[in-house]
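For reference, the chains in residue letters:
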Amino acid sequence: MTATRSASFPQWQVDDTKPGRSISKGSIDPFAVVEEVMDDSAGGTVVFIGTIRNRSEGKKVRNVEYQVYREMAERRMKEIETEVKNKWPVKKIRMVHREGRLPVGEVSVVVAVSCEHRAEAFEACRYAIDRIKGALPLWKKESNAGGKKRWVEGTPIEA
Amino acid sequence: MPVKVKVLYFAQAREIIGKYAEYFSLEMPTTAGGLLGRVIESHPSLLPLRPSLRVSINQELAEEGARINDGDEVGILPPVAGG
């Protein structure tokens, strides 16, 4: 099936040819991700779209840069996928996180899950994004309007 | 018998040290905790970060007591912030 794409989201560009990669240097099109998981056997599809907020710690944000330990992050994304599939009867799941410098409003992460029923889809999606936040080797450097940069305070990486 | 490992630095650790990565030669047996100690000896300004740093070995999160082997890729991971 084809979904209508919003004109405000650019085409999903992944800078390498390997399919199924979870870390993207190019823009993420959340609608393309949703299309990937929609399935005739799934009655509920849930998507989480993370975007760069315009304010942080009371200051205006100019952009955010994500530094990624790519190979470990890809590996951990696969592990999270397995965890989700072990916990819920997921039909399809797709997770993508950006790497690089993102302006305010840009999509930083997308998690899309399809299940037979909505309850599992909501829970699985929530779990996946929470795991992404805690367990991926990613670091965020924020640039504020004044030009100051700071590493966003994180949490020690989870097992 | 000395062991050679590649250590990757990220985020604040990378900035403090000023390098993406470097090689360390270590005497066997050595652990993730032992290697972290060596890294901090070489770069003392990393010390304040130490309690929140974690170590990965060949892209798997490692406990401090985990064994380091010749040719391993070790990641020095500050607290993460993604999503």
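This text gives an overview of the structure that appears in the document. Each chain carries its own residue numbering, running from 1 in the written order of its sequence. The lettering of chains begins at A and the numbering of ligands begins at 1, in the order of writing. For this predicted model, a pLDDT threshold of at least 70 governs which residues receive local features, and a threshold of 80 or more governs which side-chain atom pairs are given and counted, while totals over whole chains, interfaces and linings are taken from all residues. Derived side-chain values reflect all non-hydrogen atoms in the structure, with water molecules and hydrogen atoms excluded from consideration.

## A word on the sheet that holds strand β5 (residues 90-98) of chain A
Residue and element names in this part refer to chain A. Spatially, four strands are ordered β1-β5-β7-β2 in an open sheet, and the strand pairing comes out mixed. Strands with a single pairing partner mark the edges of an open sheet, and in this sheet they are β1 (23-24) and β2 (44-51). We treat two strands as partners when DSSP finds at least two bridges between them. Elements are defined by DSSP. Helices are runs of H or I of four residues or more, strands are runs of E of two residues or more, and each kind is numbered from the N terminus. In this sheet, β5 lies alongside β1 in parallel orientation, the contact comprising two bridges. Bridge pairing in β5 links I23 to H97. Its contacts with the sheet put helix α1 (residues 30-37) on β2, β5 and β7 (107-115), and the angle it makes with β7 is roughly 20°. Note on definitions: a residue-residue contact is assigned when non-hydrogen atoms from the two residues lie within 4.5 Å. Here an axis means a line fitted to C-alpha atoms, over the contact stretch when the element is a helix, while the angle between two N-to-C directions is reported on a 0 to 180 degree scale.

## A few points about the interface of chain A and chain B
With 30 residues of chain A at the interface, the matching set in chain B holds 22 residues. By definition, the buried area sums, over both parts, the 1.4 Å-probe accessible area that each loses when the two are put together. With both chains or domains summed, chain A and chain B bury close to 2200 Å², and 57% of this area falls on carbon and sulfur atoms. Salt bridges, as used here, are contacts in which a Lys or Arg side-chain nitrogen is within 4 Å of a carboxyl oxygen on Asp or Glu. Summed over the shared surface of chain A and chain B, the number is two salt bridges. A salt bridge links R75(A) to E60(B), with the shortest nitrogen-to-oxygen separation between them at 2.7 Å. Sorting the residues of the side of chain A that touches chain B by element identifies β4 (59-68), α2 (70-87), β7, α3 (118-135) and β8 (138-144) of chain A as the ones contributing at least two each. The leading source of residues in the side of chain A that touches chain B is α2(A), at five residues. Nonpolar residues are Ala, Val, Leu, Ile, Met, Phe, Trp, Tyr, Cys and Pro. Charged residues are Asp, Glu, Lys and Arg, and all others, Gly as well, are polar. For the side of chain A that touches chain B, the residue count by class is 15 nonpolar, six polar and nine charged.

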